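Structural overview
For reference, the chains in residue letters:
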Amino acid sequence: MMRRPPRSTPKPSSAASDVYKRQEYMGLIKIKEMEEVKNGYKIIKDNDNIILQPTGEHKYTLIWMHGLGDSPKSYFEFFSTEHPWTPLHTKVILLAAPSRYVNAGGGMNIPAWYNFTMIDVGIEKADPMHLGMTRMRIWKSIDAEAKLLGGDYSKIFLGGFSQGCVVALFAALQSEKEIGGVCGLSGYLVDFVEVSEEMKRIHIMLYNGAKDKQINFVWASKSFERLKAAKINVDIYNEKDLEHEISPHSVSYTHLRAHETREDLVCRLLLEKKKHK
């Protein structure tokens, strides 16, 4: 029987498949064997994590979390392409989720940041204990990167897709450290995270598809209303024909591509602003 792809695997649009298609030949074994520099990055394999270390000056760090059933290798080409999502002075850490039993995973152990139960179509209940464990792991990575960046937590950014978006928000909103911002795609805000105006120092960008059947669009949008009510510095974008996938529009809107020049969105915007301070 053919297994359906994981629900959070990024599915690029056909309009830009030549640029954003997944490079299946670039498996973790081949990445481990790579010694050469690729487009300004030294490729480092740390267990199942992949680190893109700038060959030049290291000014910022983006810690990125993949979605359910996926792995860092799905995002390797996104961040190491000739026209990367991030400026070349940005270190990119692609974290790998542990393999664990997931209630909605058909009885299998799959890469997941947390277990969850489906309440309704596209509406889930996340396991608080697993979220807490993942949060501690992300915080540990943040602290390690801050030491390399002179103790400046504002030079560190979190991002992710689907489950990766959920845990990025969860970790950032509960951290006492003032990180630079969060870039989340196709995710939602868990209901037991306390949101207050004290968190408005964090700049957050969220992007969801209106046709997403894996993460219910209306439900996810309502979860983000708590951020706006608390006057968090958040930009929320929706794409009417987007399903549970990454589109060229979301890539452009998050300002992750190095050649973008618009001045109204997040991630690259946040990085570029700090250059002029």
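Residues numbered from 1 in each chain as written. Predicted model: local features only at pLDDT ≥ 70, side-chain atom pairs only at ≥ 80, totals over all residues. Heavy atoms only, no water.

Moving on, we come to the overall build of the protein. The helix and strand tally for the protein stands at eight helices and 13 strands. For the protein, with 277 residues in total, the buried portion stands at 55%. Across the protein, contacts joining residues at least 24 apart in sequence account for 66% of those joining residues at least 6 apart. By element, 51% of the accessible surface of the protein is carried by carbon and sulfur atoms, the whole surface being about 13000 Å². (Helix = DSSP H or I, 4+ residues; strand = E, 2+ residues; numbered from the N terminus. Buried < 20%, exposed > 50% of the residue type's maximum accessible area, 1.4 Å probe, protein only. Contact = heavy atoms within 4.5 Å. Areas by Shrake-Rupley, 256 points an atom, 1.4 Å probe, with all protein chains shown as cover.)

Right, let's talk about helix α5 (residues 163-174) for a bit. The α-helix advances 3.6 residues per turn, and as a result positions three or four apart in sequence lie on the same side. The end-to-end C-alpha distance of α5, which contains twelve residues, comes to 17 Å, matching closely the 16 Å that a straight helix rising 1.5 Å per residue would cover. Burial runs high along α5: eleven of the twelve residues are buried. Within the span of α5, buried status applies to Q163, G164, C165, V166, V167, A168, L169, F170, A171, A172 and L173. (Expected span 1.5 Å × (residues − 1).)

This part covers the sheet that holds strand β13 (residues 233-239). A sheet is described by the order of its strands in space; here nine strands give the open sequence β1-β2-β3-β5-β4-β10-β11-β12-β13, paired in mixed fashion. The sheet terminates laterally at β1 (37-38) and β13, the two strands that pair on one side only. Relative to strand β12 (residues 203-209), strand β11 (residues 181-185) is paired through five bridges, and the arrangement is parallel. Bridge assignment links V182 to a residue of β12, and that residue is I204. With respect to the sheet, helix α3 (residues 73-80) is in contact with β1, β2 (41-46), β3 (49-54), β4 (60-65), β5 (90-95) and β10 (156-161), its orientation differing from that of β3 by roughly 10°. Relative to the sheet, helix α6 (residues 217-229) contacts β12 and β13, its axis offset from that of β12 by approximately 165°. (Pairing = 2+ DSSP bridges. Axes fitted to C-alpha atoms, helices over the stretch in contact; angles between N-to-C directions.)

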